[in-house]
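Notes for the structure review
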Amino acid sequence: MALATLYCRAQLGMDAPLVTVEVDIGNGLPAFALVGLPEASVREARERVRAAILNAGFEFPARRITVNLAPAELPKEGGRFDLAIAIGILQASSQLPMENNGRLELYGELALSGELRPCTGLLPALLACQKAGRAALFPEACREEASLLPSLKAYGAPTLLAVCAHLAGQQALALLAPLAAAQSAAPDPLSLNDVVGQAQAKRALMVAAAGGHHLLFIGPPGTGKSMLARRLPGILPPLGEDCAQQSAAIYSLAGKPRDTGSWRQPPWRTPHHTASAVALVGGGSMPRPGEISLAHNGVLFLDEIAEYDRKVLDCLREPMETGEVSISRAAHQARFPARFRLVAAANPCPCGHFGNPRRACRCSPDQIRRYLAKLSGPFLDRIDLQVEVAMLPPGSLAGQAPSGPDNDELRAKVAACQQRQFSRQGCLNADLEGEPMRHACQLPPELAQWYDATLQALGLSARVHHKLLKVARTLADWQKAEAITQAHLSEAMQYRAMDRLLGTLP
Ligand SMILES: [Zn+2]
């Protein structure tokens, strides 16, 4: 038989559609044709495969070889199809048996010597392979990534020769052992308890962690805004298996495989303020995920947010609304999930001391207005918690020891609070909308009246109405309370530091 059919997968955003690799060997002048819209990097497979087959001690058939990668309209990139093509040629020329092809997917770029080189972004393909119930054969160097998928039947191989020996039944490759559960949790060492003072900021971190709210710290330089923000990952519960696999798949696509020791930890991303829009939201000719997708299921921390390019910040608006980002390239559209929790830190003005009772601000009202305008507008609208981190009076912390619950205790409380929200409405409070929102945040008529009147008196517009309700809902859930009370609403209103600052401008 001169036709071999094998399976591999292409990459399209987070999807890994199946690619059928057909190898036909026919009579005619020796030729090697590769069809099915292959990119340049795949076309070069001809040279790699030829050399690898010869160097592995096999015969390269001097006949007419046609390799078809189907479906043709799917973009195919990289060297991951090499192994399937090489095995197909060996099978179609009767140098290897052809059984089991239907139950196997083959991945790997071939070196000219026949060694298997690792391929980037393999995890989404392996996830799809696991779902399809096939076994996967891939380069040994991808073992660690693959070990994150416990139900995948996986084999890692060092060379083409080892793959052939396995398929010919001469020397079986060892089945990959899934990662031990004990290896998958490494709590963050930074404790919220270490921070003395700043009670409101610490409280806001817990609320943000529990309800999934975006958070802005605003205050003069040196008050510990980023030090506080860095404590958030330590109180977030570990990711469930599905979420952790999804995050690992995104990291894999970005070419930054997650460390298997900490892969259950919610991601923590801190892109620099010089980051481009593509680095932040993703892109490229073959779209790759950006920082906001790497932060999916975790935290995106933007320190000194006023330093970021306004245009770059504007790119965050849509993903913050929809929880995903879609990138169009030529005829194809790639989607990446991007449900992240934003934590931002900012000075209140260019010099940093606007509103600081202990140091005079040197900025003109116009400068401050321009500066704050950059942070406000539609972007700020999506941040539920705005908290002032004030300069503490000198000596005020002397003799104060850390107090309050430690990270383990807080993490358990955050997890319980999130569980409460999921069982009530299927999402975190920050993501509430429409009917579920009305249902979860219902106020008795008297309280509703008080709420509207108080918002008006404080000069808080209707646009923060829903936002504060969601925060109040999280405060109620934190206390395991069924109903939102006046105390919850009053506390939620305290997390409006930006509105207060804008209100004090001359
Ligand atoms: Zn200033």
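Here the structure is a predicted model, which is why all the values come from computation and not from measurement.

Glancing now at the nonpolar core. Note that soluble globular proteins tend to have their nonpolar side chains buried in a common cluster. Residues Val21, Ile85, Ile89, Phe138, Leu160 and Ile305 are the most contacted members of the largest nonpolar core, which totals 114 residues. The biggest single contributor to this core is helix H3 (residues 82-92), with 8 residues. For Phe138, the residues in contact, after removing those within four places along its chain, are Tyr107, Leu122, Leu126, Arg143, Ala146, Ala154, Tyr155, Gly156, Ala157 and Leu176. In terms of nonpolar packing, the next biggest core, distinct from the first, is built from 51 residues, Ala209, Phe217, Phe301 and Leu443 among them.

A few words now on the sheet that holds strand S11 (residues 268-269). Overall, parallel pairing links the 5 strands, which are arranged S11-S14-S17-S10-S18 in an open sheet. A single partner strand is all that each edge strand has here, and the edge strands are S11 and strand S18 (385-388). As defined by bridge partners, S11 adjoins strand S14 (residues 299-302) across 2 bridges and the pair is classed as parallel. Within S14, the residue paired with Arg269 across the bridge is Leu300. Set on the sheet, helix H20 (residues 497-504) makes contact with strand S10 (215-218) and S18; between it and S18 the angle comes to about 65 degrees.

A full pass over the atoms with the stated rule returns 2 aromatic pairs. Here the aromatic rings of Phe32 and Phe60 are separated by 5.7 Å at their centres, their planes lie at 45 degrees, and the arrangement is tilted. Placement of the pair is Phe32 in strand S3 (residues 31-35) and Phe60 in the loop between helix H2 (45-55) and strand S4 (64-70), with a sequence separation of 28 residues. Take Phe32: its relative accessible area is 10%, and that puts it in the buried class. It is Arg134 that lies over the ring of Tyr7; its NZ or CZ is 4.4 Å from the centre. Sitting over the face of the ring of Tyr251, Arg258 holds its NZ or CZ atom 4.9 Å from the ring centroid.

Moving on to helix H17 (residues 445-457). Counted at 1.5 Å a residue, the expected span for H17 with its 13 residues is 18 Å, and the 18 Å between its end C-alpha atoms agrees. When H17 is considered as a whole, its buried residues turn out to be Leu447, Tyr451, Thr454 and Leu455. One side of H17 carries all its buried residues, which in axial view fall inside an arc of 100 degrees. Residues Pro445, Glu446, Gln449, Gln456 and Ala457 are exposed on H17 and point more than 90 degrees away from its buried face.

Glancing now at the coordination of the zinc ion. For the zinc ion, every protein donor is listed as Cys349 (SG), Cys351 (SG), Cys361 (SG) and Cys363 (SG), and the spread of their distances is 2.1 to 2.4 Å. Here the zinc ion is ringed by 4 donor atoms whose angles at the metal span 106 to 113 degrees, and the overall shape comes out tetrahedral. Counting residues between consecutive donors of the zinc ion along the chain gives the motif C-x1-C-x9-C-x1-C. A relative accessible area of 0% places Cys349 in the buried class.

This paragraph deals with the domain arrangement of the protein. Assigned domains of the protein: these are domain 1 (3-167) and domain 2 (192-392 + 405-422). Using only C-alpha atoms to locate each centre, domain 1 and domain 2 end up separated by 40 Å. Counting residues at the interface gives 22 residues for domain 1, matched by 19 residues for domain 2. Summed over the shared surface of domain 1 and domain 2, the number is 1 salt bridge. Between Glu77 and Arg288 there is a salt bridge, with the nearest N and O atoms lying 3.2 Å from each other. The tally of links from domain 1 across to domain 2 stands at 7 residue pairs in polar contact (both at pLDDT 80 or more). At the level of secondary structure, the elements contributing two or more residues to the side of domain 1 that touches domain 2 comprise helix H4 (123-132) and helix H5 (143-146). Tallying contributions element by element places H4 first for the side of domain 1 that touches domain 2, with 4 residues. A class-by-class count of the residues in the side of domain 1 that touches domain 2 yields 10 nonpolar, 6 polar and 6 charged.

Its location among the elements puts Gly57 in the loop between H2 and S4. Taking the relative accessible area as the measure of exposure, Gly57 reaches 65% and is therefore exposed. Sequence-wise, Gly57 and Arg358 are 301 residues apart; in three dimensions their C-alpha atoms are separated by 79 Å.

A word on the pattern of salt bridges. Any two side chains of opposite charge can pair, so long as their charged atoms come close to each other. Taken as a whole and assessed by the stated rule, the structure comprises 23 salt bridges. For Arg143, the salt bridge goes to Glu140, with nearest N and O atoms at 2.9 Å. Given the relative accessible area of 29%, Arg143 is considered partly exposed. Classification of Glu140 by relative accessible area gives partly exposed; the value is 34%. Residues joined in a network through salt bridges with shared partners are Arg420, Arg424, Arg473, Asp477 and Glu482.

With that out of the way, let us pick up the packing of H4 against helix H9 (residues 241-253). Here H4 crosses H9 at 140 degrees, and the two axes come no closer than 7 Å. The angle between the axes of H4 and H9 places the two elements in the oblique class. Each of Leu123, Pro124, Leu127 and Gln130 in H4 lies in contact with H9, whose residues at this interface are Gln245, Ala248, Ala249, Ser252 and Leu253. Of the residues assigned to the contact of H4 with H9, the class counts are 6 nonpolar, 3 polar and no charged.

Parameters and conventions
- Residues numbered from 1 in each chain as written.
- Predicted model: local features only at pLDDT ≥ 70, side-chain atom pairs only at ≥ 80, totals over all residues.
- Heavy atoms only, no water.
- Core = buried A, V, L, I, M, F, W, Y, C linked by side-chain atoms within 4.5 Å.
- Buried < 20%, exposed > 50% of the residue type's maximum accessible area, 1.4 Å probe, protein only.
- Helix = DSSP H or I, 4+ residues; strand = E, 2+ residues; numbered from the N terminus.
- Contact = heavy atoms within 4.5 Å.
- Pairing = 2+ DSSP bridges.
- Axes fitted to C-alpha atoms, helices over the stretch in contact; angles between N-to-C directions.
- Phe/Tyr/Trp six-rings, centres within 6.5 Å; stacked < 30°, edge-to-face > 60°.
- Lys NZ or Arg CZ within 6 Å of the ring centre and 35° of its normal.
- Expected span 1.5 Å × (residues − 1).
- Arc of directions from axis to C-beta.
- Donors = N, O, S within 2.8 Å, 3.2 Å for Na, K, Ca; no water.
- Tetrahedral: all angles 85-135°; square planar, octahedral: opposite > 155°, others 65-115°.
- Domains from an automatic or database assignment.
- Salt bridge = Lys/Arg side-chain N within 4 Å of Asp/Glu carboxyl O.
- Polar contact = N/O pair within 3.5 Å; in protein donor to acceptor, adjacent residues only side chain to side chain.
- Nonpolar A, V, L, I, M, F, W, Y, C, P; charged D, E, K, R; others polar.
- Parallel < 35°, antiparallel > 145°, perpendicular 65-115°, else oblique.

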